[in-house]
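Examining the three-dimensional arrangement
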Amino acid sequence: MRTELASEPGDADRPNEDFASVGLPASGQGGSVVVLDGVTPPKAGTGCLHSVPWFTARLGGALTELTVSLPDVPLVDALSRAIARTAETHASTCDLSHPRTPQATVVVARWSPETVEYLVLSDSALLVESPDGVVTPVLDDRLALLPRSALATDALVDATLRNKEGGFFTAAADPSVSRRAVTGTLPRREVCALAALTDGATRWVERFEEGDWTGCFHLLRKEGPQALVDRVRTLERADSAGSFLGRSKTHDDATVVYVEF
């Protein structure tokens, strides 16, 4: 088995808000990948004493432990338990009802000798390659399908769309949000490799259009996750006019995990 991971902050002066892990149980019979993209809060605050990296470390750590130690618990339930466990650690000190309480996108994949399970919540991506070379993206596209006018300001998004029906969902403090994720199970024989990417890395496909998901996957196999992150950084620096990024931040935290069975 080959596993590779790269994670780089968008700004060297700010902590990386992403989280990534690969769990390989001692039995050697399976494993899991967990990737979170912490949502950068507005300057107005979050109602929480803690930072986004504090939150993603705890949620990601809990989710990694649960997916490995409880292989028979469905991923939806594992995420629900991880959210509840994390919320309990700061419910007494923070306003977890605040729309910008620390939160994150989620990608989880777990494999056994028989199956590969997956869960995707919000705009990070999971790529799955079959033995015949077909690459299938698993995406939660609810945010991407919203009209730009609905995303005009943070206040509008928080009031009408964030973790609301008809909008989009992230992992924050409500364990029931796990039921909103895109989930599925594949026979292990139908999967030969997979990759999990935060949206700072998917820019190569979704913003800069340097290639499709298959091309992205082939790049990861040939050159590894760090090469993809490096190429994204080069494209970001070249986009001084904002032709591709528009109003988005020039550099975003970028994380990629590649697993080849």
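Refer to the structure printed above.
Note that the structure is a prediction, hence the values are computed from the model and not measured.

Across a sheet, strands are paired by hydrogen bonds formed along the backbone, either parallel or antiparallel in direction. The 5 strands are arranged β2-β3-β4-β5-β8 in an open sheet whose pairing can be described as antiparallel. Looking at the sheet topology across the chains shown, the edges are occupied by β2 (18-23) and β8 (182-187). Here the strands of the sheet are splayed against their neighbours by 5° on average, with no regard to which way each runs. Pairing analysis gives 6 bridges linking strand β4 (residues 104-111) to strand β5 (residues 115-121), with the strands arranged antiparallel. In the strand pairing of β5, V108 is matched with L119. Of the strands in this sheet, β4, β5 and β8 touch helix α2 (residues 75-90), which is tilted by about 45° from β5.

The next thing to look at is the packing of aromatic side chains. Considering all chains together, one arrives at 3 aromatic pairs under this definition. Taking 5.1 Å as the distance between ring centres and 65° as the angle between the ring planes, the aromatic pair formed by W111 and F261 counts as edge-to-face. Of this pair, W111 sits in strand β4 while F261 sits in the segment after β10 (254-260), and the two are 150 residues apart along the sequence. The class for F261 is partly exposed, based on a relative accessible area of 27%.

To continue, consider the pattern of salt bridges. Taken as a whole and judged by the stated rule, the model has 18 salt bridges. One salt bridge in this structure joins E17 and R14, with 3.7 Å as the shortest N-O distance. Overall, R14 belongs to the partly exposed group, its relative accessible area being 45%. The residue D158 makes a salt bridge to R100 at a minimum N-O spacing of 2.9 Å. Here R100 lies in the loop between α2 and β4 and D158 lies in helix α3 (residues 154-160), a separation of 58 residues in the sequence. Residue R100 is classed as buried on the basis of its relative accessible area of 6%.

Another point: the sheet that holds strand β6 (residues 125-129). Here 5 strands make up an open sheet; going across it, the order is β1-β10-β9-β6-β7 and the pairing antiparallel. Looking at strand neighbours, the two that pair on one side only are β1 (2-8) and β7 (135-139), the edges of this open sheet. Each neighbouring strand pair of the sheet contributes to a mean axis angle of 10°, computed without reference to strand direction. In terms of strand pairing, β6 meets strand β9 (residues 193-197) through 5 bridges, oriented antiparallel. Directly across from E129, in β9, lies its bridge partner A193. Packed on one face of the sheet, helix α4 (residues 199-206) meets β6, β9 and β10 and runs near 80° to β10. Along the sheet, helix α5 (residues 213-223) contacts β1, β6, β7, β9 and β10; its crossing angle with β6, the most-contacted strand, is approximately 80°.

Positionally, D239 belongs in the loop between α6 (225-238) and β10. Taking the C-alpha atoms as reference points, D239 and L220, separated by 19 residues in sequence, lie 23 Å from one another. The residues touching D239, leaving out its near neighbours within four places in the chain, are F208, F244 and L245.

Before going further, it helps to examine unusual backbone geometry. Its identity as a non-glycine residue notwithstanding, S122 has a phi of 75°, on the positive side. Tracing the chain through its elements places S122 in the loop between β5 and β6. Note on S122: relative accessible area 4%, which makes it buried.

With their axes 9 Å apart at the nearest point, α4 and α6 run at an angle of 70° to one another. One finds that α4 runs roughly perpendicular with respect to α6. The two elements α4 and α6 meet at a crossing, and its hand is left-handed. For the pair formed by α4 and α6, the contact residues are G200, A201, R203 and W204 on the first element and L228, R231, V232, L235 and E236 on the second. Its residues placed into classes, the contact of α4 with α6 shows 5 nonpolar, 1 polar and 3 charged.

Counted at 1.5 Å a residue, the expected span for α2 with its 16 residues is 22 Å, and the 23 Å between its end C-alpha atoms agrees. For α2, the full list of buried residues reads L75, V76, A78, L79, S80, A82, I83, T86, A87 and H90. Each element contacted by the buried residues of α2 is listed here: α1 (52-69), β4, β5 and β8.

Definitions and limits used
Residues numbered from 1 in each chain as written. Predicted model: local features only at pLDDT ≥ 70, side-chain atom pairs only at ≥ 80, totals over all residues. Heavy atoms only, no water. Pairing = 2+ DSSP bridges. Helix = DSSP H or I, 4+ residues; strand = E, 2+ residues; numbered from the N terminus. Axes fitted to C-alpha atoms, helices over the stretch in contact; angles between N-to-C directions. Contact = heavy atoms within 4.5 Å. Phe/Tyr/Trp six-rings, centres within 6.5 Å; stacked < 30°, edge-to-face > 60°. Buried < 20%, exposed > 50% of the residue type's maximum accessible area, 1.4 Å probe, protein only. Salt bridge = Lys/Arg side-chain N within 4 Å of Asp/Glu carboxyl O. Parallel < 35°, antiparallel > 145°, perpendicular 65-115°, else oblique. Left-handed = near helix turned anticlockwise from the far one by under 90°. Nonpolar A, V, L, I, M, F, W, Y, C, P; charged D, E, K, R; others polar. Expected span 1.5 Å × (residues − 1).

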